[in-house]
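What follows is the residue order along each chain.
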Amino acid sequence: MKPFLGEDFLLDTPTAQRLYNEYAADMPIYDYHCHLNPADLAADRRFTDLTEIWLGGDHYKWRAMRTHGVPESFITGDRAAREKFGMWAQTVPFCLGNPLYHWTHLELRRYFGFDGLLNPDTAETVWQLGRERLAEPGFSARGLVARSNVRTLCTTDDPADTLEHHRMLAADATFPVRVLPAFRPDKALQVGWDGFPAWIARLGEAAGIGIRTFDDLCQALAKRMNFFAAMGCRLSDHALDPIEYAPGSAASAEAALAAGLAGKPADPAWALAYRSALLLFLGREYARRGWVMQLHIGTQRNRNTRAMRALGPDTGYDCIDDLPFARSLTAFLDALDTTAELPRTILYCLNPRDNEVLATVAGCFQGEGAPGKIQFGSGWWFNDQKDGMVRQLTALSNLTLLPHFVGMLTDSRSLLSYPRHEYFRRILSNLVGGWVEAGELPNDLPLLGGMIQNICFHNAQAYFG
């Protein structure tokens, strides 16, 4: 029997163990998509306790605590930090079989040196250990990222943002990690959203353009892309819920924008024409700049009305969608490809049902510019666990070329989430090692180990430039 989280955790064969220990374990991290707050890194924020750094903003833990019946006051409410942590400690033993059980204990081991199990009996010990370690010099926001062996990380940033914290980080040569912005223009596409007029005004102010027409909007976004590029940005990011692409007339797009600016709902056909035209404009701009376009597909957001009213958006009430999207996606990519304006693109699905869909869509649009120009992205959100990663890697290797994969991302708001890269690397090594042991791949460790190192780091470094 293997020990829990032992040296061979998730590594079932001798070949898998060698691939992980000799090739994967010590590779640096290129975290090309995360939701870390650049203000925390710029200020080198210090954290007082585990509730502040570990439970604040972590939707995974919040969902588990709600499922365990924990009152909301102990989750997002005003109860004391120690009480909230105690409720998490009560919940952890019920996470058996859930990836949170692995992640929780990996993080406690890797950052705090705690090798036991978190439960009500050990909660006070872990709480005090957390407070002691977080007071040490190397446990600030920057210290935690650096000790995680991160070389580059890309945050997720609104086009109207000043990027002042990125500017501070770029000017500080004492921090060895490159922190770059990524362009997330989701709000520009949400015509009809209640906050749309105010956001457009903010975008126009940032760009120095009064936005009254669709052309004004495109000019403003282009100016902000120029600004982001000057700050090191090389990626865009879209949450398309769902992706819909059906080009309409320019007049329809203008009518939708006019309605949105007036705070009125747009005719659905006009809104679709607007979103389609704007996506096409953005894709062409990304290609012109040599940026990578990331498309996240398949989420239903904020589905609990009562919770939305009480807590607001992005508080852990999202789920997987099951709408068909392949025809809209291929039409959009084809429209860009037809004029040779398709940027390097990463496609992510939240519904694992769609793994093979995205892997085959990617194969339709490969070409010059970069190996694996169109990527089927890593297991994302609800799929960044063992089963989800194995399914994604299997579909990717079956239907495209695994050696060109750009690997794992963190997609997290937590500075303690980087052991998920270890988790991924163990799963990858185990999958490849199992193929070797079954006689499905040659027992050529330099060949396979080089591929694993590329997936862990080098491919992302080359792909994103």
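Here goes a summary of the coordinates provided. This is a predicted model, so every value here is computed, not measured.

1. Some remarks on the overall build of the protein chain
- When its secondary structure is counted, the protein chain shows 20 helices and nine strands.
- Over its C-alpha trace the protein chain gives a radius of gyration of 23 Å, about what one expects of a compact globule, namely 23 Å for 465 residues.
- Summarising its shape, the C-alpha atoms of the protein chain cover approximately 65 × 55 × 45 Å along the three principal directions.
- Counting every position in the protein chain, which comprises 465 residues, the buried fraction comes to 55%.
- Once local pairs closer than 6 in sequence are excluded, the contacts in the protein chain between residues at least 24 apart make up 77%.
- Put simply, the protein chain shows about 19300 Å² of open surface, and 51% of that area lies on carbon and sulfur atoms.
- Charge separation in the protein chain, taken as the distance between the mean sites of 45 positive and 53 negative side-chain charges, equals 3 Å.

2. Concerning the sheet that holds strand β3 (residues 178-180)
- The three strands lie next to each other as β1-β2-β3, forming an open sheet whose pairing is parallel. In this open sheet, the two strands that pair with only one neighbour each are β1 (29-31) and β3. Each neighbouring strand pair of the sheet contributes to a mean axis angle of 10°, computed without reference to strand direction.
- By the bridge criterion, three bridges tie strand β2 (residues 150-154) to β3 in an arrangement that is parallel.

3. Some words on the pairing of β2
- Most of β2 sits out of view: four of its five residues are buried.
- As defined by bridge partners, β1 adjoins β2 across three bridges and the pair is classed as parallel. Opposite Tyr 30, over in β2, you have Thr 152 as the bridge partner.

Rules and cut-offs
- Residues numbered from 1 in each chain as written.
- Predicted model: local features only at pLDDT ≥ 70, side-chain atom pairs only at ≥ 80, totals over all residues.
- Heavy atoms only, no water.
- Helix = DSSP H or I, 4+ residues; strand = E, 2+ residues; numbered from the N terminus.
- Rg over C-alpha atoms; globule rule 2.2 N^0.38 Å.
- Buried < 20%, exposed > 50% of the residue type's maximum accessible area, 1.4 Å probe, protein only.
- Contact = heavy atoms within 4.5 Å.
- Areas by Shrake-Rupley, 256 points an atom, 1.4 Å probe, with all protein chains shown as cover.
- Lys, Arg positive; Asp, Glu negative; His and termini not counted.
- Charge placed at Lys NZ, Arg CZ, Asp CG, Glu CD.
- Pairing = 2+ DSSP bridges.
- Axes fitted to C-alpha atoms, helices over the stretch in contact; angles between N-to-C directions.

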